[in-house]
Amino acid sequence: METVQKYLVELGNTLTVLPIQSINEVVEVLHEARLEKRHIFVMGNGGSASTASHMACDLAKNTRMDGIPHVRISEITDNSAIMSAYANDEGYENVFVNHLANFVEPNDVVIGISTSGKSPNVLRAIEYSNKVNAITIGLTGFDGGQLQSLVSMNIHVPSDCIEQVEDIHLVLGHIFCTKMRVLATNYLKKGD
């Protein structure tokens, strides 16, 4: 099979086995956080940092509606000054936890994106978030790594192809956004 066709077939096959119930449960948690004006934090490294940034942008902007709180979301990997300061002075494994410690509160939501599930800086931030009773969510691939067992909720992409795992993590962000608009519309129709 030709490379492009093989990639698309594999990607399509992986999409069909995603854990839909877990995806719906994560969206419900994000929706509740929105209604209660709790903060959502999202982080990742490399391509996952880009996905985190994209997700934060979409959830902040594309879910806004009059009559319902806006999504309070921060992506904690875009500030190169603070990232490099923490990395230089306290080690790269601490860049997320030290930044997050300034802001996260109990019942906030912290999303860690890691294709391998083994990124030390994501793991440390999730461990800290668990200690302060935040709700932790992982987006993983490969075998899920340590991240899948550390988080309250995990959406695992069953693939060993890093590009396809990253593709699907981006798709998940778009699903979150789309479903949150539906939940917001339903909420407004009920008049709660």
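Keep in mind that what you see is a predicted model, and the values were worked out from it rather than measured.

## Details of the overall build of the chain
When its secondary structure is counted, the chain shows eight helices and five strands. Reading the helices (α) and strands (β) of the chain from amino to carboxyl end gives α-α-β-α-β-α-α-β-α-β-α-β-α. The C-alpha atoms of the chain give a radius of gyration of 17 Å, which matches the 16 Å a tight globule of 192 residues would have. Each principal axis of the C-alpha distribution contributes one length, and for the chain these read about 55 × 45 × 30 Å. Buried positions account for 46% of the 192 residues belonging to the chain. For the chain, the proportion of contacts with a sequence separation of at least 24, taken over those separated by at least 6, is 72%. With an accessible surface of roughly 9200 Å², the chain has 52% of that area assigned to carbon and sulfur atoms.

## Overview of the state of the cysteines
Enumeration according to the criterion identifies zero disulfides in this entry. Distance from the sulfur of Cys-57, which forms no disulfide, to the nearest cysteine sulfur (Cys-177) is 9.0 Å. The class of Cys-57 is partly exposed, set by a relative accessible area of 46%.

## Considerations on the environment of Leu-139
Considering the arrangement of structural elements, one finds Leu-139 in strand β4 (residues 135–140). Judged by its relative accessible area of 0%, Leu-139 is buried. Put simply, Leu-139 and Ile-20 are 119 residues apart on the chain and 13 Å apart in space, counted from C-alpha to C-alpha. Every residue in contact with Leu-139, bar those within four places of it in the chain, is listed here: Met-55, Ile-111, Gly-112, Ile-113, Ser-114, Leu-147, Asn-154, Ile-155, His-169, Leu-172 and Phe-176.

Calculation rules
Residues numbered from 1 in each chain as written. Predicted model: local features only at pLDDT ≥ 70, side-chain atom pairs only at ≥ 80, totals over all residues. Heavy atoms only, no water. Helix = DSSP H or I, 4+ residues; strand = E, 2+ residues; numbered from the N terminus. Rg over C-alpha atoms; globule rule 2.2 N^0.38 Å. Buried < 20%, exposed > 50% of the residue type's maximum accessible area, 1.4 Å probe, protein only. Contact = heavy atoms within 4.5 Å. Areas by Shrake-Rupley, 256 points an atom, 1.4 Å probe, with all protein chains shown as cover. Disulfide = S-S within 2.5 Å.

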